[in-house]
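Residue-level structural notes
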Amino acid sequence: MTEKKFVNLPFFYISGYDVSQQDLVLDENTSRHIVTVLRMGKGERIRLTDGQGSLLTAEIIQDHKKHCSVTLLQRDFIEPAPEQITIALSLIKNTARLEWFVEKAAEMGVAAIIPMICERTEKQHFRLERMQGILVSAMLQSQQCWLPVLHNPTAFEQIVQTASQQQKFIAHCLPDEKRNLQDLINEALQTKIILIGPEGDFTKEEVDLAVRHHFSPVALGTTRLRTETAGLVAASLLRHV
């Protein structure tokens, strides 16, 4: 069977498996979805990814709703995107808006997301497990094989002081001098990070600290954007310039 015939197969995420093995027993949730929801049976084929670049084509050999077994027919490795984009975005009050950003950033191929705690961040509660589930769903929906890295909430100062990316940006709305993000993007530099502030924006002290650590102050356009919208605009510019 050619690769083209595998394209439209149902696609699932597996975590913690040794993908070098010939046969795999899938977890209960995945098994139930395959056997009970999709009503797939022995001999039918699916695709699997470990979120680390592996793309596996498998055939069902035991259609049990709690421990469906498959045998691997084909193993491929998908190289990561050359642009490794990290978005550090302040936590926001409206959880649904933050979830929307996480979903769309994953669909766009962002490499890492850092929930950020700034001086004006109003909400610091973060449901890591739920957000991780949203990332997995978005990865599968967009047919990707790399799961974005989701960090625990991290203080602004720690992110600024430890960032090692080749290009570093901070987007803010203060009247300080800044340039348009698209004018500063260097396509030859493959690792980039941008900081997106809370609904009340960064403080002057935060911007100054970032600049001292070689972050370039940037604008994302002529209008003032919500935090999650700014994050998505930044991701789009950095990934597709």
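Data block above holds the structure.
Please read all numbers here as calculations on a predicted model, not as lab measurements. For every chain, the first residue of its written sequence is number 1, and the numbers climb from 1 along that sequence. At least 70 in pLDDT is required for a residue's local features to be given in this predicted model, at least 80 for side-chain atom pairs to be given and counted, and no such filter applies to totals for whole chains, interfaces and linings, which use all residues. Hydrogen atoms and water are omitted, and side-chain values are computed over all heavy atoms in the structure.

What follows deals with the overall build of the protein. Scanning the protein from terminus to terminus reveals 7 helices and 13 strands. Along the three orthogonal principal directions, the C-alpha set of the protein runs to about 65 × 35 × 30 Å. Residue burial is assigned from relative accessible area. The probe radius is 1.4 Å, only protein chains are included, and a residue is buried under 20% of its type maximum, exposed over 50%, and partly exposed in between. Burial statistics for the protein: of 241 residues in total, 48% are counted as buried. Contact criterion: two residues are considered in contact whenever any of their non-hydrogen atoms come within 4.5 Å of each other. Excluding contacts between residues fewer than 6 apart, the proportion of contacts in the protein whose partners are at least 24 apart in sequence is 75%. Total accessible area on the protein stands at roughly 12,300 Å², and carbon and sulfur atoms take up 47% of it. Charge separation in the protein, taken as the distance between the mean sites of 26 positive and 29 negative side-chain charges, equals 4 Å. A helix here means a DSSP run of H or I that spans at least four residues, while a strand means a run of E at least two residues long, and both kinds are numbered starting from the N terminus. What sets the accessible areas is the Shrake-Rupley method with a 1.4 Å probe; for residues, cover comes only from the shown protein chains. In this count, Lys and Arg are taken as positive residues and Asp and Glu as negative ones, while His and the chain termini are left out. To locate a charge, take atom NZ for lysine, CZ for arginine, CG for aspartate or CD for glutamate.

Right, let's talk about the nonpolar core for a bit. Membership of the largest hydrophobic core comes to 41 residues, with the highest contact counts inside it found for I87, I113, L181, I194, I196 and L220. Beyond its immediate chain neighbours, meaning those up to four positions away, L220 contacts A171, L181, I194, I196, L225, A230, V233, A234 and L237. Membership of the second largest hydrophobic core comes to 17 residues, among which are F156, V160, V207 and F215. Buried Ala, Val, Leu, Ile, Met, Phe, Trp, Tyr and Cys residues that are joined via side-chain atoms within 4.5 Å together make up what is termed a nonpolar core.

So, about the packing of helix α2 (residues 95-107) against helix α7 (residues 227-240). The N-to-C vectors of α2 and α7 enclose an angle of 10°; their axes lie 9 Å apart at closest approach. One finds that α2 runs roughly parallel with respect to α7. Along its contact with α2, which presents R97, W100, F101, K104 and A105, the element α7 presents E228, G231 and L232. For this scheme, ten residues count as nonpolar: Ala, Val, Leu, Ile, Met, Phe, Trp, Tyr, Cys and Pro. Four count as charged, namely Asp, Glu, Lys and Arg, and the remainder, Gly too, count as polar. Class assignment for the residues of the contact of α2 with α7 results in 4 nonpolar, 1 polar and 3 charged. For every element, the axis is a line fit to its C-alpha atoms; helices are fit only across the contacting stretch, and the angle between N-to-C directions ranges from 0 to 180 degrees. Any angle that falls under 35 degrees is termed roughly parallel, while one over 145 is termed roughly antiparallel, one within 65 to 115 roughly perpendicular, and all others oblique.

In this section: the state of the cysteines. Any cysteine sulfur atom paired with another within 2.5 Å is treated as part of a disulfide. Considering all chains together, one arrives at 0 disulfides under this definition. Considering cysteine sulfurs only, C145 is the nearest to C68, which forms no disulfide, with 19 Å between them. A relative accessible area of 0% places C68 in the buried class. The closest cysteine sulfur to the non-disulfide-bonded C173 is located on C118, 13 Å from its own sulfur. Given a relative accessible area of 41%, C173 falls into the partly exposed group.

Within strand β7 (residues 112-117), 5 of the 6 residues are buried, which leaves the element mostly enclosed by the surrounding structure. Pairing geometry for strand β6 (residues 84-90) and β7, over 5 bridges, is parallel. Its bridge partner being in β7, S90 is matched across the sheet by M116. Here, a strand pair is defined by DSSP locating no fewer than two bridges between the strands. One ladder, built from 2 bridges, connects β7 with strand β8 (residues 149-150); its direction is parallel. Across the sheet, the residue bridging to I113 is L150, located in β8.

For the rest of this paragraph, the subject is unusual backbone geometry. Even without a glycine there, the phi angle at Q143 is positive, about 55°. With respect to the helices and strands, Q143 occurs in the loop between α3 (128-141) and β8. Positioned with a positive phi, D201 is a non-glycine residue whose angle comes to about 70°. By the secondary structure assignment, D201 is in the loop between β12 (191-196) and α6 (204-212).

Pairs can form between side chains of opposite charge whenever their charged atoms are close. Take a side-chain nitrogen of Lys or Arg and a carboxyl oxygen of Asp or Glu: if they are within 4 Å of each other, that pair is a salt bridge. Scanning all chains against the criterion turns up 11 salt bridges. For E83, the salt bridge is made with R239, and the minimal N-O distance between the two is 2.9 Å. With E83 in the loop between β5 (69-77) and β6 and R239 in helix α7, the pair connects residues that are 156 residues apart, well separated along the chain. The exposure class of R239 is buried, given its relative accessible area of 16%. For K204, the salt bridge goes to D208, with nearest N and O atoms at 3.0 Å. Here D208 and K204 lie together in helix α6, a separation of 4 residues that amounts to about one turn.

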